[in-house]
Amino acid sequence: AQSVAQPEDQVKVAEGNPLTVKCTYSVSGNPYLFWYVQYPNRGLQFLLKYITGDNLVKGSYGFEAEFNKSQTSFHLKKPSALVSDSALYFCAVTRTGFQKLVFGTGTRLLVSP
Amino acid sequence: DAGVIQSPRHEVTEMGQEVTLRCKPISGHNSLFWYRQTMMRGLELLIYFNNNVPIDDSGMPEDRFSAKMPNASFSTLKIQPSEPRDSAVYFCASSLHGDNEQFFGPGTRLTVL
């Protein structure tokens, strides 16, 4: 079975500071990992994914994520946060041959001016 | 491309009434997913289709819920009879079969009084 843990319900950072949103996963076999963002009253928007290859994945809006197989983690990062990054962030996992994504519970990112 | 289209965006109904939610996936996508999002339970996968065929409906809460996909460009999620605990935001998402990246619609906010 696949599972995702987002240990922080909320992350607060000041604008201009680096941000990290944590995600750990459990899956048998090779994982496919995703980050999505949800703004208020909107659907989820795809940010980035890791399938294979380079452990550092770059995505939309300056976000990146690092795949760490030994720690089974896929943390989302951004070097300099913007107030407009404030939103709900979801990590998701699946594996080869599976269509179904398993989502984490979400982490609310608050960026203060 | 207009993206995934859902209607209605908001629905308020009374307990016991039938509710039908509609989804039009992105043209060319052959996988379709229905999710429910609540504060208490987060994002839950209800059912998904590949090539109009239901593949996994294990997330459908009970017999009051049913979903159909009569053709590649349309799907419905029906609740009959509706109950207050069904109040949630329902999302539809689509993807290309074999590609795990899902594209979400804006959601339908359902309130059952």
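Refer to the structure presented above.
Summarised in this report is the structure supplied together with it.

### A closer look at the overall build of chain B
Working step 1: When you go through chain B residue by residue, the secondary structure sums to 0 helices and 11 strands.
Working step 2: Along chain B, from the amino end to the carboxyl end, the secondary structure elements read β-β-β-β-β-β-β-β-β-β-β.
Working step 3: Rg of the C-alpha trace for chain B: 13 Å, near the compact-globule value of 13 Å for 113 residues, within the 12% margin.
Working step 4: A total of 113 residues make up chain B; the buried ones form 50% of that total.
Working step 5: Sequence-distant contacts, at least 24 apart, represent 54% of the contacts inside chain B between residues at least 6 apart.
Working step 6: Total accessible area on chain B is roughly 5500 Å²; 51% of this is exposed by carbon and sulfur atoms.

### Notes on the state of the cysteines
Working step 1: Counted by the stated rule, this structure contains 2 disulfides over all chains.
Working step 2: There is a disulfide in this structure between A:C23 and A:C91, and the S-S distance comes to 2.0 Å. Measuring handedness by torsion sign, the sulfur bridge of A:C23 and A:C91 sits at about -65° and is left-handed. Separated by 68 residues along the polypeptide, A:C23 in the loop between β3 (19-21) and β4 (24-26) and A:C91 in strand β10 (residues 87-95) bring together distant segments of the chain.
Working step 3: Overall, the relative accessible area of 0% leaves A:C23 in the buried class.
Working step 4: What pairs with B:C23 in a disulfide is B:C92, and their sulfur atoms sit 1.9 Å apart. Every disulfide takes its handedness from the sign of the S-S torsion; for B:C23 and B:C92 that torsion is -65°, giving left-handed. Of this pair, B:C23 sits in strand β3 (residues 19-24) while B:C92 sits in strand β9 (residues 88-95), and the two are 69 residues apart along the sequence. Take B:C23 and B:C92: they sit in the same class, and that class is buried.

### Describing the packing of aromatic side chains
Working step 1: All chains considered together, the criterion is met by 15 aromatic pairs over all chains.
Working step 2: Considering the side-chain rings of A:Y25 and A:F67, the 6.1 Å spacing of their centres and the 25° angle between planes classify their relative orientation as stacked. Of this pair, A:Y25 sits in strand β4 while A:F67 is found in strand β8 (residues 64-68), placing the two residues 42 residues apart along the sequence.
Working step 3: Judged by relative accessible area, which is 7%, A:F67 ranks as buried.
Working step 4: Taken together, the aromatic side chains of A:F34, A:Y36, A:F46, A:F90, A:F103, B:F33, B:Y35, B:Y48, B:F91 and B:F104 make up a single cluster linked through ring pairs.

### Let's talk about the nonpolar core
Working step 1: Ranked by size, the top nonpolar core spans 28 residues in total, and within it A:W35, A:L47, A:L48, A:F74, A:L76 and A:Y89 carry the most contacts.
Working step 2: Elements represented by at least two residues in this core include exactly β2 (10-14), β3, β5 (31-38), β6 (44-50), β8, β9 (73-78), β10 and β12 (107-112) of chain A.
Working step 3: When residues of this core are assigned to their parent elements, the largest contribution, 4 residues, is made by β10(A).
Working step 4: Ignoring sequence-local partners within four residues, the contact set of A:F74 consists of A:C23, A:L33, A:F34, A:W35, A:L48, A:K49, A:Y50, A:A65, A:E66 and A:F67.
Working step 5: Among the nonpolar cores identified, the runner-up in size contains 21 residues, and B:L32, B:W34, B:F49 and B:C92 belong to it.

### Let's talk about the sheet that holds strand β1 (residues 5-7) of chain B
Residues and elements named next belong to chain B.
Working step 1: A sheet is described by the order of its strands in space; here 4 strands give the open sequence β1-β3-β8-β7, paired in antiparallel fashion. Bordering the open sheet on either side are β1 and β7 (65-71), each of which pairs with just one other strand. Geometrically, the sheet is characterised by an average inter-axis angle of 15° between neighbouring strands, direction not taken into account.

### So, the interface of chain A and chain B
Working step 1: At the junction of the two partners, chain A supplies 18 residues and chain B supplies 24 residues.
Working step 2: Taken together, the two surfaces of chain A and chain B that pack against each other cover about 1600 Å², and 50% of this comes from carbon and sulfur.
Working step 3: Interface area lost by chain A to chain B is led by A:L44, A:Q99 and A:K100, which between them contribute 40%.
Working step 4: Between the two partners, chain A and chain B, sit 2 salt bridges.
Working step 5: The partner of B:D56 in a salt bridge is A:K100, and the shortest N-O contact between them spans 2.9 Å.

Rules and cut-offs
- Residues numbered from 1 in each chain as written.
- Chains lettered and ligands numbered in written order.
- Predicted model: local features only at pLDDT ≥ 70, side-chain atom pairs only at ≥ 80, totals over all residues.
- Heavy atoms only, no water.
- Helix = DSSP H or I, 4+ residues; strand = E, 2+ residues; numbered from the N terminus.
- Rg over C-alpha atoms; globule rule 2.2 N^0.38 Å.
- Buried < 20%, exposed > 50% of the residue type's maximum accessible area, 1.4 Å probe, protein only.
- Contact = heavy atoms within 4.5 Å.
- Areas by Shrake-Rupley, 256 points an atom, 1.4 Å probe, with all protein chains shown as cover.
- Disulfide = S-S within 2.5 Å.
- Phe/Tyr/Trp six-rings, centres within 6.5 Å; stacked < 30°, edge-to-face > 60°.
- Core = buried A, V, L, I, M, F, W, Y, C linked by side-chain atoms within 4.5 Å.
- Pairing = 2+ DSSP bridges.
- Axes fitted to C-alpha atoms, helices over the stretch in contact; angles between N-to-C directions.
- Buried area = accessible area lost by both parts, 1.4 Å probe.
- Salt bridge = Lys/Arg side-chain N within 4 Å of Asp/Glu carboxyl O.

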